Amino acid sequence: MQLDDFCFDGKGTFSLDDYPTNAKIPKAQRERYEALMQENIDRMADLQDRLYAEGREGVVIMFQAMDAAGKDSTIKRVMTGLNPQGVNVYSFKQPTHEELAHDFLWRAVTHLPRRGYIGLFNRSYYEDVLVVRVHQMQHNYAMPKRTTDMSEAEFFSHRHRQIRDFERYLWENGYRLVKIMLNVSEKEQAKRFLERIDNPAKNWKFSSSDLAERALWPKYRAAFTQVIGETATPEAPWYVIPADQKWFARYLVSEAVVRVLTECDPQYPKLAEDQLDKLAEYRRQLTAE
């Protein structure tokens, strides 16, 4: 299986049911894929160094998923080779009062990396068309009636269009997006929740709210299907990664990151002739000491 098998770029009709949660790669191949992931991590380090030096393009890598899909561990394992100096990490938690007083994309804009940097979004502004929709939070927004007095379908159709426009705006201003949905199965989620309960070192990760959200599984699946179907574009496709096998999911994520960094084609800046002459003189002075 290749990365393209899990990519949706907006062409055609999308259904989450068409994308597996488990690629069913034989365990005997795990070592091979982990070695390939390490090669990608090494490649990412080189490309990031060039991206930072050139400072022409910014990259935003965002992760969306149901709870226990492996967002944190994927970020930890796959991004281990990146230089922290050129990376901004932001976790999208429940919006603050200040954030709710602005448009829903405001907090994303305030945490965009500068060009030359990589931004890692643990969840993202897509929470505002997933969690908000499932829990019908839009009805409590302090917004004018002209923006909320409409059907649920119309309200979120507007938001999906606004996201497409925003992501097109980012593309036209030197940013590339890597949108990753870690597609975990309901059965695997239950297994990982039990691990959090049974392992004292993981108890802190479990919350009763996890079970409340799990009960809304069908609604989240429906929301993901519509969101991905209506916001994927050739410039900002979605990668729907099978997440039941963590090691294979991490390999695919590393493939997606290497792909976008390679497409940036970053190059080290070349100095002008007069600057090169100065370097030669500086070298002469240093070697003469």
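Please read these numbers as outputs of a predicted model, since none were measured by experiment.

Now for the pairing of strand β6 (residues 238–242). On any regular strand, side chains alternate: one points to one face of the sheet, the next to the other face. Here β6 lies mainly inside the structure; five of its five residues are buried. Residues Trp238, Val240 and Pro242 of β6 are buried on one face, and the alternating residues Tyr239 and Ile241, pointing to the opposite face, are buried as well. Across two bridges, the pairing between strand β1 (residues 7–8) and β6 is antiparallel. Counted as the bridge partner of Phe8 is Trp238 from β6.

Compared with an ideal rise of 1.5 Å per residue, which puts 15 residues at 21 Å, helix α10 (residues 217–231) spans 21 Å between its outermost C-alpha atoms and is within 8% of the ideal. All of the buried residues in α10 are Trp217, Tyr220, Arg221, Ala223, Phe224, Val227, Ile228 and Thr231. End-on, the buried residues of α10 take up no more than an arc of 165°, which puts them together on one face. Exposed residues on α10 whose side chains face more than 90 degrees from its buried face are Pro218 and Lys219.

Our focus in this paragraph is the packing of helix α7 (residues 152–172) against α10. Put simply, α7 and α10 touch, their axes get as near as 9 Å, and they point 40° apart. With respect to α10, the element α7 is oriented oblique. Two packed elements cross with a definite hand, and for α7 against α10 that hand is right-handed. Every residue of α10 that contacts α7 at Ser157, His160, Ile163, Arg164 and Glu167 is listed here: Gln226, Val227, Glu230 and Thr231.

Scoring rules and cut-offs
Residues numbered from 1 in each chain as written. Predicted model: local features only at pLDDT ≥ 70, side-chain atom pairs only at ≥ 80, totals over all residues. Heavy atoms only, no water. Buried < 20%, exposed > 50% of the residue type's maximum accessible area, 1.4 Å probe, protein only. Helix = DSSP H or I, 4+ residues; strand = E, 2+ residues; numbered from the N terminus. Pairing = 2+ DSSP bridges. Expected span 1.5 Å × (residues − 1). Arc of directions from axis to C-beta. Axes fitted to C-alpha atoms, helices over the stretch in contact; angles between N-to-C directions. Parallel < 35°, antiparallel > 145°, perpendicular 65-115°, else oblique. Left-handed = near helix turned anticlockwise from the far one by under 90°. Contact = heavy atoms within 4.5 Å.

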